[in-house]
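Chain by chain, the residues:
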Amino acid sequence: EEGARLVTGGLEAPPNTPTSGYFIKPTIFADAHNDMTVVREEIFGPVLCIIPYESEEEAIDIANDTIYGLSNAVISADQEHAMKIASRLRSGQVHVNTLSRGPTSPF
């Protein structure tokens, strides 16, 4: 409704899911921006929004433009540069060149 493009997934439940509860297919939206509801609101489900950016500075601004700030990740071939970017992100944790999973992670 606000302009993000549905790449895959959607509201229908995946095959073989329970009939009670709320389930959606893993979903990806492209061409999103930080003013969109799907980006601003916390969604408890397998939903990814792709937000394009023109510069690192803009990417950092996008990442920091949230009231949640739970976790970020920086992936780069240049570890030193990745650490500099990570130090500018406002969140509870920042993963650099790794994404750790706990034993109870759902995916």
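Below is a summary of the structure that appears in this document. Everything quoted here is computed from the prediction, not taken from an experiment.

### Comments concerning the pattern of salt bridges
Thought 1: Here the structure, examined in full by the defined rule, presents 5 salt bridges.
Thought 2: Among the salt bridges present, the one from Asp31 reaches Arg5, with a minimum N-O distance of 2.9 Å. Of this pair, Asp31 sits in the loop between β2 (25-30) and α1 (37-40) while Arg5 is found in strand β1 (residues 5-10), placing the two residues 26 residues apart along the sequence.
Thought 3: With a shortest N-O distance of 2.6 Å, Arg88 and Glu57 are connected by a salt bridge. Pair noted here: Arg88 is in the loop between α3 (79-86) and β5 (93-96) and Glu57 is in helix α2 (residues 56-64), with a separation of 31 residues, a long-range link.
Thought 4: Judged by relative accessible area, which is 38%, Arg88 ranks as partly exposed.
Thought 5: By relative accessible area, Glu57 is classed as partly exposed at 40%.

### Quick look at a nonpolar patch on the surface
Thought 1: On the surface, Ile67, Tyr68 and Leu70 cluster together to form a nonpolar patch covering roughly 350 Å² of accessible area.
Thought 2: Mapped onto the elements, Ile67 comes out in the loop between α2 and β4 (71-74).
Thought 3: The class of Ile67 is exposed, set by a relative accessible area of 70%.

### Here's the deal with the sheet that holds strand β3 (residues 47-49)
Thought 1: In space, the 3 strands of this open sheet follow the order β1-β2-β3, with mixed pairing throughout. Looking along the sheet, the strands with just one partner apiece sit at the ends: β1 and β3. Averaged over all pairs of adjacent strands, the angle between strand axes in this sheet comes to 5 degrees, irrespective of strand direction.

### What to know about α3
An α-helical segment advances 3.6 residues per turn. Residues three or four places apart therefore align on the same side.
Thought 1: Within the span of α3, buried status applies to Ala82, Ile85 and Ala86. An end-on view of α3 places all buried positions within 100 degrees of arc, on one side of the element. Relative to its buried face, α3 has exposed residues pointing more than 90 degrees away, namely Glu80 and Lys84.
Thought 2: On its buried face, α3 is in contact with α2, β4 and β5.
Thought 3: You can read the cap of α3 off the contacts: a side-chain oxygen lies 3.2 Å from the backbone nitrogen of Glu80, and it is on Asp78.

What counts and how
Residues numbered from 1 in each chain as written. Predicted model: local features only at pLDDT ≥ 70, side-chain atom pairs only at ≥ 80, totals over all residues. Heavy atoms only, no water. Salt bridge = Lys/Arg side-chain N within 4 Å of Asp/Glu carboxyl O. Helix = DSSP H or I, 4+ residues; strand = E, 2+ residues; numbered from the N terminus. Buried < 20%, exposed > 50% of the residue type's maximum accessible area, 1.4 Å probe, protein only. Patch = residues over 30% accessible without salt bridge, like charges linked within 9 Å, V, L, I, M, F, W, Y side chains within 5 Å. Areas by Shrake-Rupley, 256 points an atom, 1.4 Å probe, with all protein chains shown as cover. Pairing = 2+ DSSP bridges. Axes fitted to C-alpha atoms, helices over the stretch in contact; angles between N-to-C directions. Arc of directions from axis to C-beta. Contact = heavy atoms within 4.5 Å. Polar contact = N/O pair within 3.5 Å; in protein donor to acceptor, adjacent residues only side chain to side chain.

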